[in-house]
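# Per-entry structural report
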Amino acid sequence: MTHDMIEQAKAVLRRNDRGTYTVPTHGLYPFQWNWDSALSALGFAHFDEARAWTEIETLFAHQWDDGMVPHIIFHELDDGYFPGPDVWATARPVSTSGITQPPVAGFAVRRIFGRATDKALAAEKARALLPRIHAWHQWFFANRDPQGTGLVAIIHPWESGRDNSVDWDAAFERVPTEGVEPFTRRDTSHANPEHRPTDEQYKRYIWLVQKFRSLGWDNSELHDASPFRIVDPGFNAILIRSCVDLADLATALGETRIAAQSQAMADKAIVAMDTLWSDKRGQYVCYDRAIGALIDSPSIGGILAAFAPIPQARAKAISARIDALSQNCNYLVPSHDPTVPEFDALRYWRGPIWLIVNYMISDGLERCGETVMADRINADCLRLIEKSGFAEYYGPMGAEPCGGDQFTWTAAMVIEILKSHEIAA
Ligand code: GLC
């Protein structure tokens, strides 16, 4: 059973493997995505360590000179996706988008390094990646936290990885739709439009792209120029965890300067993170930096915060919060609270379950000693796969498979969950 599931998951990874990078799924997403790649490498590492390293190396080969690692790399032309390279117009040797995505690579590299059987290869690859990942982390604090608060903002919903979360709704009202060049969406021809963002949201996504493009993608200007500046606890948790893990890796490799700088960034951010705690919701919430107010929206972003080394009491409260969510759905963890009117069971990040997020929450809770909840979440991941295959995301009531199918990072998470428990046992 377990063996079959792992073999099926490997077949998904192989199917989406383009040699030096993996596409998230055929059709809907025909390029390399940033956090998809880092998380997918975790799956590869269980059966082909060299291939796992290549995945991350390819991603960092397209790092910008200022340190940013873009959210999409358009390795080959494919007009089945919008917005393509012509819309981004980032003037890179190989086209990329102009925004970033959750920086989970530091975590992934640390984990792959720690488990590697080919230690020499791992040391060589990790040593080469270390300064690049560190430069990306420093880029975040320099460009996305210009006031030095300790936490970074996203300037486009796509950066969060949670594209159409309810969290962005109010702030998104401030993003205009006038002046958006006419376009044709491609996502809705590959996936059910009912499960995707609305046309109105798409216009605003593109307005922001046009705005940043008009500023020549100069990251020293984009943060302050964006009407959309949100501090997302989930995103920051990923950055913090990657800084902590990078500090650990740097120590193992004798890179003491990187170790100290990484730890210092993480320490400051962990303290600042507590300003995002909501007693009312029993979880963290986002902060709208453009207006200086917390966003009272009970989404998974504030639960994913458990991926960072948060205080024990907060982790316990988050476990309790997830338990409360489970009273109103059949599978964990829904991307939005099912009891509020904005919840939309099958629409992308407004209700459905995403295995990668489950994995990170579970991993963080386990580190904090919340093992019962961590195991429950992993068990639900496997129930979803058994029932509905390797989908992009799932309905939390009926486990409906949604979005693209044969999805790379979903398959990678299955291998990671099953194999790491084998290793731990
Ligand atoms: C969607 C998701 C994003 C992911 C991408 C590729 O845009 O919201 O998180 O990286 O698809 O899978």
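Up top is the structure.
Right, let's walk through the structure included here. (Residues numbered from 1 in each chain as written. Predicted model: local features only at pLDDT ≥ 70, side-chain atom pairs only at ≥ 80, totals over all residues. Heavy atoms only, no water.)

## Looking at the overall build of the protein chain
How we decide: Per the convention used, a helix needs a DSSP run of H or I reaching at least four residues, while a strand needs a run of E reaching at least two, with both numbered from the N terminus. Relative accessibility decides the category of a residue: with a 1.4 Å probe and only protein chains considered, values under 20% of the type maximum give buried, values over 50% give exposed, and everything between is partly exposed. The contact rule is simple, with two residues in contact once any of their heavy atoms fall within 4.5 Å. In this charge count, Lys and Arg are treated as positive and Asp and Glu as negative; neither His nor the chain ends contribute. Charge placement uses NZ in Lys and CZ in Arg. For Asp and Glu, CG and CD serve respectively.
Along its length, the protein chain carries 17 helices and nine strands. C-alpha extents for the protein chain along the principal axes are approximately 55 × 45 × 45 Å. Taken across its 425 residues, the protein chain has 62% of its residues classed as buried. Contacts spanning at least 24 positions in sequence make up 72% of the contacts within the protein chain whose residues lie at least 6 apart. Taken together, the 40 basic and 55 acidic charged side chains of the protein chain have centroids lying 2 Å from each other.

## Topic: the side chain of N236
Here N236 shows up in helix α12 (residues 233-252). For N236, the contacting residues outside a window of four places in its chain are L151, V152, V231 and M273.

## Topic: the site of the ligand
Here is the rule we go by: We define proximity as follows: a residue is near a molecule or strand when any one of its heavy atoms falls within 4 Å of that partner. We define a polar contact as two N or O atoms separated by no more than 3.5 Å, with the added condition that, inside protein, one atom must be a possible hydrogen donor and the other a possible acceptor, whereas residues neighbouring each other in sequence contribute only through side-chain atom pairs. Per-residue accessibility takes into account occlusion by the displayed protein chains alone, with areas from the Shrake-Rupley method and a 1.4 Å probe.
In the region of the ligand, the neighbouring residues are P24, Y29, W33, W35, D36, Q101, G161, D163, Y348, W349, F407 and W409. Measuring from an oxygen atom of the ligand, one finds a side-chain N or O atom of Q101 at 2.9 Å. Side-chain polar atom of W349 to an oxygen atom of the ligand: 2.9 Å apart, as the coordinates give it. In the complex, 97% of the free accessible area of the ligand, which totals 310 Å², lies under the protein chains.

## Examining the nonpolar core
Rules: Residues belong to a common nonpolar core when they are buried Ala, Val, Leu, Ile, Met, Phe, Trp, Tyr or Cys residues joined through side-chain atoms within 4.5 Å.
I322, I361 and L365 are the most contacted members of the largest nonpolar core, which has 146 residues in total. Beyond its immediate sequence surroundings of up to four residues, L365 is in contact with A306, A315, I318, S319, I322, E370, T371, M373, A374 and I377.

## A look at the sheet that holds strand β7 (residues 293-294)
To keep things clear, this is the line we draw: Note on pairing: DSSP must find at least two bridges between two strands before they are called paired.
With respect to topology, three strands assemble into an open sheet ordered β3-β6-β7, the strand pairing being antiparallel. Two strands close off the open sheet at either side, each with one partner strand: β3 (230-231) and β7. Looking at chain direction, strand β6 (residues 287-288) and β7 are connected through two bridges and run antiparallel. Looking at the pairing, Y287 lines up with L294 of β7.

## Considerations on α12
Stated precisely, the cut-off is as follows: Helices are assigned an expected span. That span is 1.5 Å times one less than the residue count.
Counted at 1.5 Å a residue, the expected span for α12 with its 20 residues is 28 Å, and the 28 Å between its end C-alpha atoms agrees. Burial runs high along α12: 17 of the 20 residues are buried. Between the side-chain oxygen of the N-cap and the backbone nitrogen of G234 there are 2.9 Å, and the N-cap of α12 in question is D232. A positive phi of about 75° marks G254, the residue just after α12.

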